[in-house]
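Residue-level listing of the chains:
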Amino acid sequence: MTRHLIRFSLRALRRQGAYVAINILGLAIGIACSLIISLFIIHELSYDKYHQDHERIYRIGLYGKFSGQEVRAAYTPAPMGPAMLEDFPEVESFLRMNIWDETVIQWGDEFFHEHNYVEADSAFFDFFSIPLIKGNKKTALNEPYTLVLTETVASKIFGDTDPVGEMVSVGSYPNSFRVTGVMEDVPETTHFDAGIVGSFASNPRYNETTWTSNSFFTYIKIHPEADPQSVIDGFEHLLITYVGPELYEYMGITVEDFLAQGNAYSYFLQPLAGIHLDPSVEQHQKPANDPRYLWIFGIVGFLILVIASINFMNLSTAQATKRAKEVGMKKVIGSTKGMLVWQFITETVILTTISLIFAIIIAEFALPYINNLLSLALSLDYLGKWYVIPGMIVIVLTIGFFAGSYPAFYLSAFNPASVLKGKTGNGRQNTGMRQALTVMQFAISIMLITGSAIMYRQINFMMGKDLGFDKENVLVLRRADVIGDQIDTFKNELLSLPGVQSVSASTAIPGRTNNNNGYMIRGREEESFLMQTFWVDYDYLETYGIELAEGRFFDPDLQTDQEASILNESAVRNYRLDDPFATRIVSPGLGNRIIPVIGIVNDYHFESLHNNIAPSILLFKDDETNWGYISIRIEPGMTRRVVEQTEHLWHSFASSSPMLYFFMDEDFERFYREERQNAQLSVLFTILAIIIASMGLYGLTAFSLQQRIREIGIRRTFGASVASVWYIICKDVMILVGISTVLAWPLVYWAAGNWLQNFQYRISLNISEFLLGFFFAIIIALATISYRVIRTASINPSISLRYE
């Protein structure tokens, strides 16, 4: 019976011709989009789940609140791990990690630039299931000045030479490191990147006992039977026992009094598999993704499938009159309603299966572009991943039943006596359903068009917003510590180069902050104040084009200015400094040094526009503070020449270390990479959704015109022009688009408003994006049907009137 059902279904599909082709292409595009979106969502949800004990591994985070300024970060003090193992019976082991931005590796006379250098305790391979190709995972990182390379980095540095046992230099470390192993490349679905893992025991702060200096990642693995909540409950003990004495030493206040003032200081746990999708926690190197985008694209993929399915339902029910006699004859010879329902659903499943084949081809061609856009390596690994083939089967069956159910029940319900007389039942109800489905299609399309326009306007707003400093034409050199105590001489040499306008050395720069420190204010010792700290030289403001609001900047003629500070407007405003120049800042981290305020700078965005401008303080960078960055403002049009001359000058000062640099404007764009990528994806899927909807509308219009060809001939005979016929047909479509707009706008307004809440600095929704969606939908609809309408209306009426 199944064989006969499939044979009858194939014959029926062949008879439907062009409409089947439209359905197949529409479904293929919809399924391809859904496959790609599903791969992306599965990829994001699979982060860190390949580790053997990932359900027992947690990263410790720090939550602090100081005078209204909140911090939620993954940074913890060096003694955190050992204390967790010592004081918590639930903890089986701990791991500390320190992730560098980048460094230089030297082997013999060759230098290699490595982006992803990580320091880790010896337990690294017990926490992360990354196989070692060479070496012993239990001892590879036990000793100071040892390291393990990934397979790619080992090949890059050593070629065919066995790296184990070789000695290399790492950054500015005085000792050489011994290579003790080679591991497989860190999987892409890991919340950190690592090309080299060095022993944390090499770090000078390995045995540090300070609890109020938070710089490292700390992970714990709890025993299988342990409850993580009991660990969380024990954090108060850590706070009182270890943080409390230091808090009292530096600030003269107890933990209880500190918390009673509305401040906060606590630790929390992040499950390993949840790190990648928790952007609320500040972390270094590999940023977490916002899980809301997974929901957005999941909904987009579903809506595209809905549009494709609506095409099928519309075109199937539109052809009811063509298939009515077929249904009537089958019922007369004994077919039951159930048998007919299964035949029509089988037709849909067969059509969906054919569409799936084309969808796979489309997806394979599209994936390289998607991977390049998202910097991923998504693939349809048909046999390597268990869920791929079952997922495709589920898609085929789901769409088959969903898209085929309404046409199946509608067609199978025809009365055989009526249809054999040429009466197909309630055509008005059928037309009404098709119009409702068309409205749904265009409502979805308008939502996607309007949403994409809003995303792009927000991104352009962020990229074009005045940041309070000039990020253009600024070359930034990393690793100022390589120049050491020759920084002033190096700066003077740079200033002598043609095209160099100014040079500044600082420990931090806009977009790359690294010290969020606590301070006190004399007379308000019971309070604590958190500020981003920049140690800068005399030329910092000039180089970055930052303007003073009040007071003065550091003056080289005034020796006392080297002990002073500059605040930003946010610090003055948030901390209610009525007379900032009479304020005396107290720095516990600098031995309770008293720091006067001599100037106020205008607020400038040293972080992403996702965040409000936080309070910050500029301190003078003395000759002993040689780490950080060297920023060079370049005359427009001289960039290439200045870079070449700077590299030559760098090598004359640091011949044994290559120059690492970036441009400030390009570096700042990384804050919005996720939004830019998502906007581009949104536009891509919107275009595909419009194509699918347009194909359906074209097919539906073609069928409608075929049914109304005699009516059009009569109208033309009585003097109607082609334009008037075009207006009559298109008017109905424009009404449907208008109804779609009314339905779509409130949903877009709600969704876009929620999305914009992610940004502290954001656009206001206005009517332009909403009108754009409406007019775009009107233009697409009219462009889709106009040619067919005009062509039909142009047929000689004498021919039209003979049409049956």
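Caption draft 1: Here's a closer look at the pattern of salt bridges. Scanning the model with the defined rule gives 24 salt bridges in all. The partner of D53 in a salt bridge is R56, with the nearest N and O atoms 3.5 Å apart. For the salt bridge of D53 with K221, the shortest nitrogen-to-oxygen distance reads 3.2 Å. Of this pair, D53 sits in the loop between α2 (18-45) and β1 (57-66) while K221 sits in strand β12 (residues 217-222), and the two are 168 residues apart along the sequence. For D53, a relative accessible area of 22% puts it in the partly exposed group. Exposure remark for K221: the relative accessible area of 4% places this residue in the buried category.

Caption draft 2: The arrangement of the packing of helix α3 (residues 80-87) against helix α6 (residues 228-251) in detail. Contact pair α3 / α6: the axes reach a minimum separation of 11 Å and the direction vectors enclose 115°. Note that α3 runs across α6; the crossing there is right-handed. Residues M80, A83, M84 and D87 of α3 touch α6, and the partners they reach there are V231, F235, H237, L238 and Y242.

Caption draft 3: Quick look at the packing of aromatic side chains. This model, assessed by the stated rule, comprises 41 aromatic pairs. Through a chain of ring-to-ring contacts, three or more aromatic side chains come together here, namely F469, F534, Y540, Y544, Y604, F606, F668, F671 and Y672. Here R512 stacks its cationic end above the ring of F662, 4.6 Å away from the centre of that ring.

Caption draft 4: Main features of the side chain of N289. Note that N289 resides in the loop between β13 (264-271) and α8 (291-318). In this structure the side chain of N289 is engaged in a polar contact, spanning 2.6 Å, whose partner is the side chain of E44. Filtering out sequence-adjacent residues up to four positions away, N289 remains in contact with E44, H276, L277, D278, P279 and E674.

Reading the values: rules and limits
Throughout, a residue's number is its position along its own chain's written sequence, starting from 1. Only residues with pLDDT of 70 or above have their local features reported here, since the model is predicted, and side-chain atom pairs are shown and tallied only from 80 upward, although totals for entire chains, interfaces and linings are computed over all residues. Values shown for side chains rest on all heavy atoms present in the structure; no hydrogens or waters enter the calculation. Salt bridges are counted wherever a side-chain nitrogen of Lys or Arg sits within 4 Å of a carboxyl oxygen of Asp or Glu. A run of H or I in DSSP counts as a helix once it spans at least four residues, and a run of E counts as a strand once it spans at least two, with each numbered from the N terminus. With a 1.4 Å probe rolled over the protein chains alone, any residue whose accessible area is under 20% of its type maximum counts as buried; one over 50% counts as exposed, and the rest are partly exposed. Helix axes are fitted only over the stretch in contact, all axes being lines through C-alpha atoms; the angle between N-to-C directions runs from 0 to 180 degrees. Handedness of a crossing is defined here by the sense of rotation of the near helix relative to the far one, left-handed for an anticlockwise turn of less than a right angle and right-handed for a clockwise turn. Note on contacts: a residue pair qualifies if any of its non-hydrogen atoms lie within 4.5 Å across the two residues. Pairing of aromatic rings covers Phe, Tyr and Trp, the last counted by its six-membered ring, and requires centre-to-centre distances within 6.5 Å; plane angles under 30 degrees mean stacked, over 60 mean edge-to-face, and any other angle means tilted. Lysine NZ or arginine CZ positioned within 6 Å of the ring centre and within 35 degrees of the ring normal marks a charge as sitting over the ring. As used in this structure description, the phrase polar contact means that two N or O atoms lie within 3.5 Å; if the pair is within protein, one of them must be able to donate a hydrogen and the other to accept it, and residues adjacent in sequence are counted only when both atoms belong to side chains.

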